[in-house]
Amino acid sequence: LDDPGLDIAAGEEFLQEVFQILLEEGVQKSTDVTQKVCVWKEPQELRELLDLELRSDGEGQERLLQRCRDVLRLSVRTGHPRFFNQLFSGLDHHALAGRFLTETLNTSPYTYEVAPVLVLMEEQVLAKLRELVGWSSGDGIFAPAGGSISNMLAMNVARFRRFPESRSRGNWDLPRLGLFASQESHYSILKGAALLGIGTDNVHLVRTDERGKMIPEELEKEIQRVKAEGSEPLFVCATSGTTVLGSFDPLDAVADICARHGLWLHVDAAWGGSALLSPRLRHLLAGIHRSDSVTWNPHKLLMVGLQCSAFLLRDSSVGAPILNSYPWDIFPSPLINFGACCSSQGLLQHCHGVGASYLFQRDKFYDVSLDTGDKSPQCGRRADGLKLWILWKAVGTRGLGQRVERAFAATRYLLEQVKRREGFQLVMEPEFINLCFWFIPPSLRGQDRSPEFWDRLGKVAPAIKEKMIRKGSMMVGYQPHGSRVNFFRQIITNPAVTRQDLDFFLDEIQELGWDL
């Protein structure tokens with residue numbers, strides 16, 4: 001124990017080599033349009049190439065460096081200008097620097113004492129996001145696992161606000177609750193209902209119109225029906241930017257209904273929230289300021305990098321009835337002082353906090369309101385606000401807005417090309433950045449009245465995608481949707497994408513699908 005148990009000099013030398021590999025393989029080649037988007041290998045071949053077995057003895061530096069190269073070389077290059085497969089893509093160098101800083105610091109922003117810089121950064125970034133929503137105050141936290149957990153936090157907070165005793169007694173004493181979301185809502189609403197013990201049977205999916213927007217009149221009908229069945233409506237999730245069609249629910253109309261029935265209104269703006277940064281596009285979210293909570297994922301359209309999901313609250317206050325409803329004697333452990341930790345804190349803290357005394361001591365020498373970790377169900381938590389803060393500092397609010405508008409303009413260019421090209425058929429005119437279309441190969445053209453047409457067309461997109469992945473030329477998603485057979489969903493978030501890339505995209509689909 002007299003000497004360090006690590007070879008620090010060798011470790012630093014190894015890191016220098018790894019940083020060079022990251023720059024060459026992970027940054028330069030990942031963003032180079034002349035490189036492949038992916039090098040496809042079948043699972044068994046990939047297992048053999050990677051030599052995944054973990055052995056008793058370690059390996060030398062050169063072998064480890066080669067393994068680092070292999071990881072980058074054999075992974076999908078999501079920063080590539082021709083990667084259109086997800087709602088995230090591209091590589092922002094400033095945000096990546098923030099991610100490097102986060103990993104290097106290796107700390108958790110649950111207390112100010114161990115993460116003073118990161119706690120203050122998170123406070124500022126969350127305040128700025130709330131300001132863009134239209135709130136001058138409130139609360140929030142960065143959540144793990146993307147928008148799914150943020151949506152689940154909204155459901156939990158809504159239940160706690162209405163039924164504070166649910167925190168200690170569970171669902172046993174509660175009426176049967178009713179949750180409402182559109183047919184196009186994210187599946188995390190169903191998962192959240194299952195996780196929270198509310199039950200997926202109590203999630204009522206509201207009909208949407210032909211463009212995928214929630215129909216307010218149908219929401220009203222569902223609420224009345226649920227009430228008539230003896231359940232208690234609690235929570236409505238409106239979506240701003242649905243996953244497939246990119247639709248935006250009519251927030252003002254939904255907010256009117258929620259106000260009339262006293263329901264918690266949550267807006268899942270994980271995908272579409274970044275439109276708030278654009279003066280030209282923020283009208284898509286008109287009425288979002290009337291919501292009680294919002295999910296927003298900057299790791300999608302803003303290219304902050306996975307993961308970065310903000311859960312935002314309009315009102316952080318907790319009234320006396322909630323404070324007085326806690327059976328404080330259920331916290332007998334000397335490690336927990338719930339009453340002390342939450343007596344002066346807001347809704348998130350009351351909902352999730354337990355005041356572990358080894359972390360959240362009340363007699364610290366600084367302002368303990370900066371110890372924000374008890375707002376989250378987690379203990380350890382990544383500092384996801386740092387990379388967004390660095391990016392925001394680099395390009396400013398105006399630059400972020402321009403990034404959103406460029407993506408919108410690129411989608412409009414591609415839309416016009418799709419309309420002009422023979423064999424390409426729109427699913428619908430896009431409202432946002434989701435461009436959905438079929439490619440009809442020559443063998444199927446003019447046969448749309450055939451009983452086999454749609455069945456055969458549904459096999460085209462999967463066949464084209466297999467070809468492009470094996471070739472490594474590009475990547476784009478497809479899916480069926482309701483009664484519609486498989487179609488492509490093209491998403492542009494990467495500002496490195498040029499008109500040439502978009503022309504190539506359509507040319508490649510046409511070439512790969514020509515003989516189907």
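Residues numbered from 1 in each chain as written. Predicted model: local features only at pLDDT ≥ 70, side-chain atom pairs only at ≥ 80, totals over all residues. Heavy atoms only, no water.

The name recorded for the protein in an unreviewed UniProt entry is CSAD decarboxylase, from Panurus biarmicus. Quoted straight from UniProt, the Subunit (unreviewed entry) entry for the protein says "Homodimer." Here is the UniProt Cofactor (unreviewed entry) comment for the protein, exactly as written: "pyridoxal 5'-phosphate". (UniProt positions renumbered as here; feature names shortened; annotations may be inferred.)

Trainee: When you look at the domain arrangement of the protein in this model, what are you seeing that I'm missing?
Mentor: Interface size is commonly expressed as the accessible area that is lost once the parts come together. Each assigned domain of the protein is listed here: domain 1 (19-51 + 60-93 + 385-515) and domain 2 (108-319 + 376-382). Each of domain 1 and domain 2 has a C-alpha centre, and these two points are 29 Å apart. Contacts between domain 1 and domain 2 engage 39 residues on the former and 40 residues on the latter. Taken together, both faces of the contact between domain 1 and domain 2 bury some 3500 Å²; the carbon and sulfur share is 72%. On the domain 1 side of the contact with domain 2, Lys387, Glu431 and Phe432 bury the most area, a combined 20% of that side's loss. Here domain 1 is connected to domain 2 by one salt bridge. Where Lys213 meets Glu431, a salt bridge forms, and the shortest distance between an N and an O atom there is 2.7 Å. Taken together, domain 1 and domain 2 are joined by 13 residue pairs in polar contact (both at pLDDT 80 or more). Of all the elements, helix H14 (residues 385-420) adds the most residues to the side of domain 1 that touches domain 2, at 15 residues. Its residues assigned to classes, the side of domain 1 that touches domain 2 shows 21 nonpolar, 10 polar and eight charged. (Domains from an automatic or database assignment. Contact = heavy atoms within 4.5 Å. Buried area = accessible area lost by both parts, 1.4 Å probe. Salt bridge = Lys/Arg side-chain N within 4 Å of Asp/Glu carboxyl O. Polar contact = N/O pair within 3.5 Å; in protein donor to acceptor, adjacent residues only side chain to side chain. Helix = DSSP H or I, 4+ residues; strand = E, 2+ residues; numbered from the N terminus. Nonpolar A, V, L, I, M, F, W, Y, C, P; charged D, E, K, R; others polar.)

Trainee: I keep staring at helix H1 (residues 8-28) and nothing clicks. Help me out?
Mentor: Each turn of an α-helix holds 3.6 residues, which means side chains three or four residues apart point in the same direction. The first and last C-alpha atoms of H1 sit 28 Å apart over 21 residues, in line with the 30 Å expected at 1.5 Å per residue. Along H1, the sharpest kink reaches roughly 30°, centred on Leu22. Turning to H1, its buried residues are Val18, Ile21, Glu25, Gly26 and Val27. Its buried side turned inward, H1 meets helix H3 (61-73) and helix H4 (93-105). (Expected span 1.5 Å × (residues − 1). Bend = angle between axes of the 7 residues up to and from the residue. Buried < 20%, exposed > 50% of the residue type's maximum accessible area, 1.4 Å probe, protein only.)

Trainee: Please explain the packing of aromatic side chains as it appears in this structure.
Mentor: Working definition: an aromatic ring pair is given by the centre-to-centre distance plus the angle between the planes. Using the criterion set out here, one finds 13 aromatic pairs in the structure. Summarising the aromatic geometry, the rings of Tyr112 and Tyr366 are spaced 5.3 Å apart at their centres and angled 50° between planes, so their arrangement reads as tilted. Taken together, the positions of Tyr112 in the loop between H4 and helix H5 (116-133) and Tyr366 in the loop between helix H13 (347-352) and H14 put the pair 254 residues apart, joining distant regions of the chain. Residue class for Tyr112 comes out partly exposed when judged on its relative accessible area of 25%. (Phe/Tyr/Trp six-rings, centres within 6.5 Å; stacked < 30°, edge-to-face > 60°.)

Trainee: For this particular structure, what's the right way to read the sheet that holds strand E12 (residues 484-491)?
Mentor: Within a sheet, neighbouring strands are paired by backbone hydrogen bonds and run either parallel or antiparallel to one another. Pairing in this open sheet of five strands is mixed, and the strands run E1-E11-E12-E10-E9 from one edge to the other. Edge positions in the open sheet fall to strand E1 (83-84) and strand E9 (424-426), since each of these has one partner strand only. Where E9 lies against strand E10 (residues 434-439), three bridges are found, and the strand directions are antiparallel. Residue pairing in the sheet places Gln425 in a bridge with Trp438 of E10. Each of E9, E10 and E12 touches H14; the most contacted strand, E10, lies at about 20° to it. Seen against the sheet, helix H17 (residues 499-513) touches E1, E9, E10, strand E11 (475-481) and E12 and runs at an angle of roughly 25° to E10. (Pairing = 2+ DSSP bridges. Axes fitted to C-alpha atoms, helices over the stretch in contact; angles between N-to-C directions.)

Trainee: Quick question: what am I supposed to make of the nonpolar core here?
Mentor: A general tendency of soluble globular proteins is for nonpolar side chains to be buried together. Judged by nonpolar contacts, the single largest core of 53 residues is most densely connected at Leu219, Leu285, Ile288 and Leu312. At the level of secondary structure, the elements contributing two or more residues to this core comprise H5, helix H9 (216-228), strand E5 (232-239), helix H10 (251-261), strand E6 (264-268), strand E7 (293-296), strand E8 (309-313) and H14. Looking at this core, the element that brings in the most residues is H14, giving seven residues. No fewer than three residues from each of domain 1 (19-51 + 60-93 + 385-515) and domain 2 (108-319 + 376-382) sit in this core. Excluding anything up to four places from it in sequence, Leu285 contacts Ser240, Phe248, Leu251, Ala269, Gly272, Gly273, Ala275 and Leu276. (Core = buried A, V, L, I, M, F, W, Y, C linked by side-chain atoms within 4.5 Å.)

Trainee: For this particular structure, what's the right way to read the pairing of strand E2 (residues 139-143)?
Mentor: The side chains of a regular strand alternate, first on one face of the sheet and then on the other. Within E2, five of the five residues are buried, leaving the element largely enclosed by the surrounding structure. Residues Asp139, Ile141 and Ala143 line one face of E2 and the alternating positions Gly140 and Phe142 line the opposite face, and both faces are buried. One ladder, built from five bridges, connects E2 with E8; its direction is antiparallel. Bridging from a neighbouring strand, Asp139 pairs with Leu313 of E8.

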